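# Observations on chain architecture
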Amino acid sequence: MTINPFYFKTRLHLVKLLTTKAKNPSELLQGIRIVPVSSIYYHTHRFLRQHHYLSPEPPNDFAFWLTNILYLRELGELFAGVDTVSYKKMEDLRSAFIRILEGYLKRKAPSAECADAYKFHFMSCITFVLPTPYVAKNPEEFMKILDKVSIDSLYFHIFEARMRLERDENDFSAWFKSMGRIKTAQAISNIDPYTITLEGLRRKIISIVSADAAN
Amino acid sequence: MLRIDDYIPIVGQGVTDELRFLAERLKGRKIQNINSTAVGGGVAEILTRMIPLLRQIGVDAYWDVIRGNDRFFAITKKLHNALHGVDIEILDDEYDYFLEVNRHNAAEMRHWGDVVFVHDPQPIALVENKQNIGNKWAWRCHIDFTRPQSDVINFLNNYIERYDSAVFSAPAFSRDLSIPQLLICPSIDPLSDKNKDLTTDEIDDVLQTYGIDQDRPIVTQISRFDYLKDPIGVINVYQRVKRYLDCQLVLAGGGATDDPEGMQVLDEVKEAAASDPDIHVLFLPPASDITINALQRASTVVLQKSLKEGFGLTVAEALWKGKPVIASAVGGIPLQIAHKYSGILTYSLEGTAYYLKQLLQEPEYAGKLGANGQEHIRNNFLITRHIRDYLLLFLSMYYEGDVIDS
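Residues numbered from 1 in each chain as written. Chains lettered and ligands numbered in written order. Predicted model: local features only at pLDDT ≥ 70, side-chain atom pairs only at ≥ 80, totals over all residues.

### Examining the overall build of chain B
For chain B, the helix and strand inventory stands at 16 helices and 13 strands. Its C-alpha atoms put chain B at 70 × 50 × 35 Å along the principal axes. The proportion of buried residues among the 406 residues of chain B is 47%. Restricting the contact set of chain B to residue pairs at least 6 apart, pairs at least 24 apart contribute 69%. (Helix = DSSP H or I, 4+ residues; strand = E, 2+ residues; numbered from the N terminus. Buried ≥ 20, exposed ≤ 12 C-beta atoms within 10 Å, placed from the backbone. Contact = placed C-beta atoms within 7 Å.)

This is the structure we're talking about:
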């Protein structure tokens with residue numbers, strides 16, 4: 001079988017400010033409905049990159065704001081509990097947030113409003129995809145490279161590829177699948193990357209590939 | 001002269017490689033920065049450090065300064081204050097003169113860049129030449145824009161809207177504009193005197209000079225003596241904590257001796273501190289960066305209890321030194337601190353005192369906040385990230401869409 005090499009890429013973000021703001025759950029719902037999908041992506045993934053060294057990592061921006069600014073702990077927890085990894089498209093994730101807010105507002109649960117200074121500011125990002133000099137031609141090379149590439153590269157192939165570029169699966173799993181290494185591909189796909197630090201994720205993937213190489 | 005590779009031990013080679021890669025994509029494009037002063041102020045400070053670094057990585061960046069007389073700068077000072085929300089009347093002939101000076105500078109400009117990057121309101125009307133020149137134009141606002149005087153912002157909007165992009169330092173400063181608005185936060189330079197590593201001897205010398213006891217906890221706020229930094233509130237917080245925990249307070253900062261309000265605040269602070277030898281009020285002369293650095297490094301906890309703040313880079317400075325920081329959730333501070341992850345955000349004197357007691361008594365927790373804070377600054381608020389964002393901004397002007405596969 002011909003093996004296509006794996007070209008490691010990386011990504012950088014430039015943050016865009018949108019003019020949509022929210023000061024209560026109702027305005028948050030309006031905002032989530034109308035902002036571009038890149039904004040939903042930004043607010044559900046920003047912490048992963050900016051706080052990648054933290055364990056546990058903070059949840060998505062919506063959950064953080066609801067919990068720490070509006071002190072709506074139940075609603076914040078509902079947002080934090082959304083199983084991001086189970087969504088294949090950002091629009092589906094947006095719908096999940098809308099459902100939570102609609103349900104919450106419908107049952108007239110506790111609400112709150114913040115001062116202007118603490119409003120939720122919707123943002124989005126421009127993603128720049130860049131090549132790196134690293135190319136793996138087999139699992140051994142893949143492990144060695146994965147051990148040294150930047151966190152941004154790991155982030156790109158796991159999160160960005162699937163949720164931003166809406167590929168069916170993360171790039172690593174797709175590559176192992178293309179080589180017929182289905183178990184390895186599946187094991188990488190089964191990781192919930194949202195509840196582990198990026199360094200932890202790097203170690204976990206290397207250990208999966210290492211076990212595969214040993215067999 | 002600093003070299004870009006000097007930053008590798010701090011941010012890693014991957015980061016400097018990325019900068020070179022992005023710079024390569026800008027090859028052949030001239031990046032012209034324009035502001036209104038070559039020395040003094042934050043804009044000149046960052047450009048002084050950034051332009052040589054940009055040139056080292058291969059970006060054809062240069063910097064022009066517009067010229068104006070006392071009348072022009074008196075008007076731009078009024079504009080600046082009005083943008084900060086101060087109620088000031090600006091007369092029609094002052095607007096006219098502002099435009100006249102901008103037009104005169106435009107006529108004298110010899111080489112326009114492929115990207116013209118204009119900083120702050122003073123040179124904003126240069127964009128009138130955009131149609132003739134046909135280049136890319138970005139406007140960078142470095143100031144707090146949350147409550148601008150309406151007639152002034154309406155006047156400026158006529159010009160802002162002609163740019164291709166506007167750049168702000170915090171989300172709260174964004175405006176209702178038809179052009180793309182980008183968030184690029186300010187940064188600190190880890191190799192500057194204010195932030196570079198110091199030896200224990202250097203730190204000890206500063207503490208000895210000011211009679212600060214190294215054996216007891218030191219709580220510090222670094223800021224100029226200004227009501228908006230709430231130094232009296234900080235003394236109140238300290239007094240609430242001092243009842244239970246033996247500690248010292250350091251209030252240190254500079255200020256202009258010809259600023260009557262600053263001297264008044266200083267006098268009030270000295271009076272409030274007079275009865276307690278453990279409160280050290282230090283009015284520092286200009287060029288005290290090493291002293292400030294040492295005081296931050298010697299601190300047990302750093303406070304920034306501002307009532308209003310632009311971006312509040314003193315927070316980034318303290319976090320960079322691994323210090324636990326308790327700061328007000330105002331201006332750009334919430335971007336630097338995620339509450340209980342990389343520091344503490346507070347909203348009141350009471351809350352600040354509560355968390356100060358907690359951090360002084362739980363050094364392990366305080367240490368974790370400080371360590372997380374330092375990593376947050378390393379990843380998001382160093383000059384290398386600032387350079388990267390500027391390179392991305394310049395590149396973004398040549399592409400469409402939200403995903404750019406270069």
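### Structural notes on the sheet that holds strand E13 (residues 403–405) of chain B
Here nine strands make up an open sheet; going across it, the order is E2(B)-E1(B)-E3(B)-E4(B)-E5(B)-E6(B)-E1(A)-E2(A)-E13(B) and the pairing mixed. Sheet topology places strand E2 (60–65) and E13 of chain B at the edges, where each strand pairs with a single neighbour. Each strand axis lies, on average, 25° off the axis of its neighbour in the sheet, ignoring direction. In terms of strand pairing, strand E2 (residues 120–136) of chain A meets E13(B) through three bridges, oriented parallel. Each residue of the ladder has a partner; that of A:Val129, found in E13(B), is B:Asp405. Most of the contacts of helix H6 (residues 139–148) of chain A go to E2(A), to which it runs at about 130°, and overall it touches strand E1 (6–22) and E2 of chain A. (Pairing = 2+ DSSP bridges. Axes fitted to C-alpha atoms, helices over the stretch in contact; angles between N-to-C directions.)

### Digging into the sheet that holds strand E12 (residues 344–346) of chain B
Residues and elements named next belong to chain B. Reading across from one edge, E9-E8-E7-E10-E11-E12 is the order of the six strands in this open sheet, with parallel pairing throughout. The open sheet has two free edges, formed respectively by strand E9 (279–283) and E12, since each of these has just one partner strand. On average, each strand axis in the sheet is inclined to that of its neighbour by 20°, with strand direction left out of account. Contacts from helix H11 (residues 289–298) reach strand E7 (218–222), strand E8 (248–253) and strand E10 (301–304), with the element oriented near 140° to E7. Against the sheet, helix H12 (residues 313–320) engages E7, E10 and strand E11 (325–328), with an angle of about 170° to E11.

### Thoughts on the nonpolar core
One recurring pattern in soluble globular proteins is that nonpolar side chains are buried together. B:Phe168, B:Val315, B:Ile326, B:Leu356 and B:Leu391 are the most contacted members of the largest nonpolar core, which totals 167 residues. Residues in contact with B:Phe168, not counting those within four places in the same chain, are A:Leu17, B:Cys141, B:Phe145, B:Phe173, B:Ser174, B:Gln181 and B:Leu183. (Core = buried A, V, L, I, M, F, W, Y, C linked by C-beta atoms within 7 Å.)

### A look at the interface of chain A and chain B
On the chain B side, the residues contacting the 26 residues of chain A number 33 residues. Of all the elements in the fold, those that place two or more residues in the side of chain A that touches chain B are E1, helix H2 (37–50) and E2 of chain A. In terms of residue count, E2(A) provides more of the side of chain A that touches chain B than any other element does, eight residues in total.

### What to know about the packing of helix H1 (residues 25–34) of chain A against helix H5 (residues 90–106) of chain A
Residues and elements named next belong to chain A. Running from amino to carboxyl end, H1 crosses H5 at an angle of 155°, the nearest separation of the two axes being 10 Å. Between H1 and H5, the interaxial angle falls into the category roughly antiparallel. Handedness of the H1/H5 crossing: left-handed. In contact with Pro25, Ser26, Leu28, Leu29, Ile32 and Arg33 of H1, H5 contributes Arg94, Phe97, Ile98, Leu101, Glu102, Tyr104 and Leu105. Residues of the contact of H1 with H5, tallied by class, amount to nine nonpolar, one polar and three charged. (Parallel < 35°, antiparallel > 145°, perpendicular 65-115°, else oblique. Left-handed = near helix turned anticlockwise from the far one by under 90°. Nonpolar A, V, L, I, M, F, W, Y, C, P; charged D, E, K, R; others polar.)

Keep in mind these values describe shape, not function.
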